[in-house]
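Descriptive structure summary
Residue strings, one per chain:
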Amino acid sequence: GQSLEQPSEVTAVEGAIVQINCTYQTSGFYGLSWYQQHDGGAPTFLSYNALDGLEETGRFSSFLSRSDSYGYLLLQELQMKDSASYFCAVTHQGGKLIFGQGTELSVKP
Amino acid sequence: ETGVTQSPTHLIKTRGQQVTLRCSSQSGHNTVSWYQQALGQGPQFIFQYYREEENGRGNFPPRFSGLQFPNYSSELNVNALELDDSALYLCASSLTGPNTEAFFGQGTRLTVV
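The rules we used
Residues numbered from 1 in each chain as written. Chains lettered and ligands numbered in written order. Predicted model: local features only at pLDDT ≥ 70, side-chain atom pairs only at ≥ 80, totals over all residues. Heavy atoms only, no water. Helix = DSSP H or I, 4+ residues; strand = E, 2+ residues; numbered from the N terminus. Rg over C-alpha atoms; globule rule 2.2 N^0.38 Å. Buried < 20%, exposed > 50% of the residue type's maximum accessible area, 1.4 Å probe, protein only. Contact = heavy atoms within 4.5 Å. Areas by Shrake-Rupley, 256 points an atom, 1.4 Å probe, with all protein chains shown as cover. Buried area = accessible area lost by both parts, 1.4 Å probe. Nonpolar A, V, L, I, M, F, W, Y, C, P; charged D, E, K, R; others polar. Phe/Tyr/Trp six-rings, centres within 6.5 Å; stacked < 30°, edge-to-face > 60°.

A tally of regular secondary structure across chain A gives 0 helices and 11 strands. Listed by position from the N terminus, the elements making up chain A come as β-β-β-β-β-β-β-β-β-β-β. Here chain A has a C-alpha radius of gyration of 13 Å; the compact-globule value for 109 residues is 13 Å, and the two agree. Its C-alpha atoms give chain A principal-axis dimensions of roughly 40 × 30 × 20 Å. Across the 109 residues of chain A, 50% fall into the buried class. Considering only intrachain contacts with a sequence separation of at least 6, the fraction spanning at least 24 residues in chain A is 56%. Split by element, the accessible area of chain A, about 5,200 Å² in all, is 45% carbon and sulfur.

So, on to the interface of chain A and chain B. Facing 19 residues of chain A, the contacting portion of chain B comprises 20 residues. Across the chain A/chain B interface, buried area totals approximately 1,600 Å², and carbon plus sulfur atoms make up 55% of it. Contact with chain B buries area across many residues of chain A, yet G94, F99 and Q101 of chain A alone supply 28% of it, more than any other trio. Residue assignment for the side of chain A that touches chain B shows that the elements contributing at least two residues are β4 (31–37), β5 (44–49), β9 (84–91) and β10 (97–99) of chain A. By residue class, the composition of the side of chain A that touches chain B is 9 nonpolar, 9 polar and 1 charged.

Residue and element names in this part refer to chain B. Taken as a whole and assessed by the stated rule, the structure comprises 14 aromatic pairs over all chains. Relative to Y49, the ring of F47 has its centre 5.4 Å away and its plane inclined at 85°; by these criteria the two rings are edge-to-face. The same class applies to F47 as to Y49, namely buried.

Next comes the structure, spelled out in structure tokens:
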């Protein structure tokens, strides 16, 4: 079977750094993606890792270790607008995405 | 705005009815995928269309079917609706390939009563 595990909720304060972990069990792995979804909104793409290592995009970074079937999303200098659900997703051949259950991030003042 | 539009935005149907949801993909994207997202859950892959052919299917029964048109827009049809079909249905368009970003529409909120 295929499964992804990520924490259900995380709380942090403005300006802090938070890391959301994701472990996965899957076949046909091409890469790990991260998506952000605000309440009532569409998932929006944040990052994609196909190879081991760290990818940095502004305040957000994503890491992948294929040997450990593990990745994380790092959010720095948290802002109130970062309060949302964050999903890791395994990318399969053809771009099919298998999503985790999501992590609800609450940023407090 | 992603350029992916879905219609309708909200829909209420009765158990046993049929429903058609529509998606216009982002210009230039030849691949459309459909996902079902129950409240508090991650999106679940239903199927994907590439150049008007089904190109992969998730664990959904045959009463979930789809179409892709020559302009790459797409439809999701669900027959014999069940209460558990109540969910947000998301359409995502992309270029073909595993390392391309998927652009999601705002979704159709389907309620089955």
